[in-house]
Amino acid sequence: MLVRILRYLFVSLFLYLVMADHGNVKSDISFAGTFASSAFAACFAEICTIPLDTAKVRLQLQKKAAAGEGVASLKYRGLLGTVGTIAREEGLAALWKGIIPGLHRQCLFGGLRIGLYDPVKTFYVGKDHVGDVPLSKKVLAALTTGALGIIIANPTDLVKVRLQAEGKLPPGVPRRYSGALNAYSTIFRQEGLGALWTGVGPNIARNAIINAAELASYDQVKQTILKIPGFTDNVVTHLFAGLGAGFFAVCIGSPVDVGSSQECWVILDTKLHLIVLPWVFFKF
C-alpha cells in the first residue's frame, strides 16, 4: 500500500514539474515529449521506492514458503525490519536489486500507460468533444493503455522479480543471473523467447485494472478539485490528485494482487531455481 501511494505521488509531482508551463499543463506537447516525461517521472519514482518494493517481495516469498513448509522462525519481520535485515546481511546495494529491469519497465510501461492516456481518451470521446470527459471513458482509456503497456513490458517484470527474489546465497553457490541483461539472454537461451512473456494474461488483467484505478481517479480527482473555488492547476492540486489516485489504486488493486498471488508465486527451491510463475508484484 505504502509503496504504491509513494510511487504515484512521485509520478504526479514530477509530471507536473516537467510538463507544466507557469501553472498550466501544456496541451500541445507531443507524444514523444509526453512519453519521455512520463518515463522520467516513473523511473524517478522507481529509484525512490524500490527498497520498499524489494522488502515487500521478500516478505511475501517468506510468507508463502512458511505456509508451504511449516517454517516456525521467520527471517523477515515487518517492512522496515525487512529493509534493515537485507541491508545488514547483504549490504545497502541489495535493496536496489532489480533496479535495472525496474527502470526498463518504467521506461516502457510508465511511458506508454501515461503517454498514451490522453490520445486514447481523445480517441474514445472524439476530437470534437467539448466539456468534461465522462468517467467511463477515462476508465476505458486507462484500461487500454495499461494493457498495451504491460504487453510490451512483461519481460522486464519477470526479470525484476527474479532478481529481487534472490537473497543471500550460501558460500560457493553462484547467482543464477549476473545482472539484468544476462537474465534476459539466459531466459531466452534456456527457456525460449515465449518464456519472457510468462504470465502475460494475468499481468494484463492486473496492470490494466490498477492503471485504470490510478489514472482515471487521478484525472477525476484533479477535475473535481479544480471546480472548487480557490484551487488552480498547480503543484498542490496535483499532489492531492496523486494521493487520491494512490488511495483508489490500493483499494481496487489489492484484491487483484491477492488473487494473483494465490496462483502465481515466485519461490526458490534448494537449488535456487525459480519454479512457479514469476510475474506478480505482491500485495503488502
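Reading the values: the criteria
- Residues numbered from 1 in each chain as written.
- Predicted model: local features only at pLDDT ≥ 70, side-chain atom pairs only at ≥ 80, totals over all residues.
- Heavy atoms only, no water.
- Helix = DSSP H or I, 4+ residues; strand = E, 2+ residues; numbered from the N terminus.
- Buried < 20%, exposed > 50% of the residue type's maximum accessible area, 1.4 Å probe, protein only.
- Contact = heavy atoms within 4.5 Å.
- Areas by Shrake-Rupley, 256 points an atom, 1.4 Å probe, with all protein chains shown as cover.
- Axes fitted to C-alpha atoms, helices over the stretch in contact; angles between N-to-C directions.
- Parallel < 35°, antiparallel > 145°, perpendicular 65-115°, else oblique.
- Left-handed = near helix turned anticlockwise from the far one by under 90°.
- Nonpolar A, V, L, I, M, F, W, Y, C, P; charged D, E, K, R; others polar.
- pLDDT = per-residue confidence, 0-100.
- Phe/Tyr/Trp six-rings, centres within 6.5 Å; stacked < 30°, edge-to-face > 60°.
- Polar contact = N/O pair within 3.5 Å; in protein donor to acceptor, adjacent residues only side chain to side chain.

> Can you help me understand the overall build of the chain in this one?
Scanning the chain from terminus to terminus reveals nine helices and two strands. In the chain, which comprises 284 residues, the share counted as buried stands at 49%. Nonlocal contacts in the chain, meaning residues at least 24 apart in sequence, comprise 74% of its contacts between residues at least 6 apart. Accessible surface, the chain: about 13400 Å² in total, of which carbon and sulfur atoms supply 67%.

> Looking at this structure, how should I read the packing of helix 5 (residues 117–125) against helix 6 (residues 135–165)?
Each packed pair of helices is defined by two parameters, the angle between the axes and the distance between the axes. Two elements in contact, helix 5 and helix 6, have axes separated by 9 Å at closest approach and are oriented at 130°. When the interaxial angle is binned, helix 5 and helix 6 end up oblique. The element helix 5 and its partner helix 6 pack so that their crossing is right-handed. Contacts between helix 5 and helix 6 pair Tyr 117, Val 120, Lys 121, Tyr 124 and Val 125 from the former with Lys 137, Lys 138, Leu 140, Ala 141, Ala 142, Thr 144 and Thr 145 from the latter. Within the contact of helix 5 with helix 6, the residues separate by chemical class into seven nonpolar, two polar and three charged.

> I would appreciate a short explanation of the packing of helix 6 against helix 7 (residues 180–191) in the present structure.
The contact between helix 6 and helix 7 brings their axes to 10 Å, and the two run at 110°. As summarised for this structure, helix 6 and helix 7 are arranged roughly perpendicular, according to the angle between their axes. Where helix 6 approaches helix 7, its residues Pro 155, Thr 156, Leu 158, Val 159, Arg 162 and Leu 163 are matched on the opposing element by Ala 180, Ala 183, Tyr 184, Ile 187 and Glu 191. Residue classes in the contact of helix 6 with helix 7 are distributed as eight nonpolar, one polar and two charged.

> Could you clarify how one ought to interpret the confidence of the model for the chain in this entry?
The predicted coordinates ought not to be read in detail in places where the model reports low pLDDT. Taken residue by residue, the chain gives an average pLDDT of 79. The fraction at 70 or more is 76%. Averaged pLDDT values over the elements of the chain bottom out at 44 in strand 2 (residues 24–25) and peak at 94 in helix 7. Counting interchain partners and residues more than four positions distant, the pLDDT-below-50 stretch residues 21–26 has 10 contacts. Counting contacts from residues 258–284, a segment whose pLDDT is below 50, to residues more than four positions away or on other chains yields 74 contacts.

> Got a minute to help me understand the packing of aromatic side chains in this structure?
The geometry of an aromatic ring pair is captured by the separation of the ring centres together with the interplanar angle, meaning the angle of the planes. Applying the stated criterion across every chain, the model contains two aromatic pairs. Aromatic side chains Phe 31 and Phe 35 sit 6.1 Å apart centroid to centroid with 45° between the ring planes, which places their arrangement in the tilted category. Remark: Phe 35 and Phe 31 occur in helix 2 (residues 31–69); sequence separation between them is four residues, near one turn of the helix. On the basis of relative accessible area, Phe 31 is assigned to the partly exposed category, the value being 39%. Among the residues examined, Phe 35 registers a relative accessible area of 24% and is labelled partly exposed.

> Please clarify how the environment of Thr 156 should be interpreted in this entry.
Positionally, Thr 156 belongs in helix 6. Along the backbone, Thr 156 and Gly 102 are 54 residues apart, and their C-alpha atoms lie at a distance of 6.8 Å. Contacts of Thr 156, omitting those with residues within four sequence positions, involve Pro 101, His 104, Arg 105, Leu 108 and Tyr 184.

> Sorry, what's going on with the environment of Gln 62 here?
Summarising the element assignment, Gln 62 is placed in helix 2. As for Gln 62 and Tyr 76, which are separated by 14 residues in sequence, their C-alpha atoms are 7.6 Å apart. When near neighbours in sequence (up to four residues on either side) are disregarded, Gln 62 contacts Leu 74, Lys 75 and Tyr 76. Of the polar contacts made by the side chain of Gln 62, one reaches the backbone nitrogen of Lys 75; its length is 2.8 Å.

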